[in-house]
Amino acid sequence: MKKEFVVIGLGRFGGSIVRELIEQGADVMAIDKFADRVDEFASIATQAIVADTTDESVLKSLGIRNFEHVIVAIGEDIQSSILTTLMLKEIGVNKITVKAQNDYHEKVLRKIGADQVVHPERDMGIRIANNIMTNNVLDYLELSDEHSIMEIKANEILAGSTLIDLDIRAKYGINIVAIKRGADILVSPQADEEIQINDVLIVIGADADIIRFEKKAMH
């Protein structure tokens, strides 16, 4: 039997979950109230549906109670996230995982019966540490809808400069949290660390700032 999931909220966090579950061979019903987001997943998810999940009758008509696990990945709208969780609980969904925005949001979610609450932003630190320890390639890791960790390969323009020379935090608002150099990993590199060609910089920051750094400092 294929595992069956529902993902509600198709922002970057929810969207990445849909893609990963599909890749692992699951059936996924993807739901969002915005049609453009749903269109994006029409060819990826098993089913992609435009719906308001704060409406109990809508949830019932979609047969969501029959799915073994529902993930609520609604982004900024805390009220919709709470109402959706409440409705899912009301109709008897077996397992509900919800993305929380903050501690207050988590408290409410747990009170109304969410089985699992995730903080992508907070869990990020643990995941980075695990990824670094297992030496996995950390191409890209979404922290929130606007922040990420990316792996950037140093080119000849960056080579020979120290972190102080580059002054990345002041100029771009991003941080280099580690440098991969061959088999070694320098975690929290010193300011006088000189970047070498083919170093892999693991940077953290807002997507727009990382892209700006990549465009301006590396070309």
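For the structure, see preceding data.
What comes next concerns the included structure.

Calculation rules
- Residues numbered from 1 in each chain as written.
- Predicted model: local features only at pLDDT ≥ 70, side-chain atom pairs only at ≥ 80, totals over all residues.
- Heavy atoms only, no water.
- Helix = DSSP H or I, 4+ residues; strand = E, 2+ residues; numbered from the N terminus.
- Buried < 20%, exposed > 50% of the residue type's maximum accessible area, 1.4 Å probe, protein only.
- Contact = heavy atoms within 4.5 Å.
- Areas by Shrake-Rupley, 256 points an atom, 1.4 Å probe, with all protein chains shown as cover.
- Pairing = 2+ DSSP bridges.
- Axes fitted to C-alpha atoms, helices over the stretch in contact; angles between N-to-C directions.
- Right-handed = clockwise from strand over helix to strand, strands pointing away.
- Salt bridge = Lys/Arg side-chain N within 4 Å of Asp/Glu carboxyl O.
- Core = buried A, V, L, I, M, F, W, Y, C linked by side-chain atoms within 4.5 Å.

Quick word on the overall build of the chain
Part 1 of the reasoning: The secondary structure content of the chain amounts to nine helices and 11 strands.
Part 2 of the reasoning: Looking at the 219 residues of the chain, the share that counts as buried comes to 47%.
Part 3 of the reasoning: Pairs at least 24 residues apart make up 56% of the contacts formed inside the chain by residues separated by at least 6 positions.
Part 4 of the reasoning: As displayed, the chain has an accessible area near 11600 Å², and 50% of this comes from carbon and sulfur atoms.

So, the sheet that holds strand E1 (residues 4–8)
Part 1 of the reasoning: Across the sheet, six strands lie side by side as E3-E2-E1-E4-E5-E6; this open sheet has parallel pairing. Each having just a single partner strand, strand E3 (47–50) and strand E6 (116–118) make up the two edges of the open sheet. For this sheet, the mean inter-axis angle between neighbouring strands, taken without regard to orientation, is 15°.
Part 2 of the reasoning: Where strand E5 (residues 96–99) meets E6, three bridges bridge the pair, whose relative direction is parallel.

Here we look at unusual backbone geometry
Part 1 of the reasoning: In this structure, aspartate 167 is a non-glycine residue whose phi angle is positive, near 50°.
Part 2 of the reasoning: Turning to its location among the elements, aspartate 167 is positioned in the loop between helix H7 (163–166) and helix H8 (168–172).
Part 3 of the reasoning: By relative accessible area, which is 36% here, aspartate 167 ends up partly exposed.
Part 4 of the reasoning: Its identity as a non-glycine residue notwithstanding, asparagine 198 has a phi of 70°, on the positive side.
Part 5 of the reasoning: Relative to the assigned elements, asparagine 198 resides in the loop between strand E10 (184–187) and strand E11 (200–206).

Regarding the pairing of E3
Part 1 of the reasoning: The pairing of strand E2 (residues 27–32) with E3 spans four bridges and is parallel. Each bridged residue has a counterpart across the sheet, and for isoleucine 31 the counterpart in E3 is isoleucine 49.
Part 2 of the reasoning: Once the chain exits E2 it traverses helix H2 (residues 35–41) before rejoining the sheet at E3, and the crossover so formed is right-handed.

Points about the pattern of salt bridges
Part 1 of the reasoning: Scanning the model with the defined rule gives nine salt bridges in all.
Part 2 of the reasoning: Close ionic contact of arginine 110 with glutamate 106 constitutes a salt bridge, the shortest N to O distance being 2.9 Å. Of this pair, arginine 110 and glutamate 106 both sit in helix H5 (residues 103–111), four residues apart, which is roughly one turn of the helix.
Part 3 of the reasoning: Residue class for arginine 110 comes out partly exposed when judged on its relative accessible area of 42%.

Notes on the nonpolar core
Part 1 of the reasoning: If you look at the biggest cluster of nonpolar residues, it comprises 23 residues, and the most contacted ones within it are Val6, Ile31, Ile64, Val70 and Leu88.
Part 2 of the reasoning: Of all the secondary-structure elements, those providing two or more residues to this core are E1, E2, strand E4 (69–72), helix H4 (78–90) and E5.
Part 3 of the reasoning: Among the elements that make up this core, the one with the highest residue count is H4 (three residues).
Part 4 of the reasoning: Setting aside residues up to four positions removed in sequence, isoleucine 31 forms contacts with Val6, Val7, Ile8, Gly9, Leu10, Ile49, Ala51, Thr53, Leu62 and Ile64.

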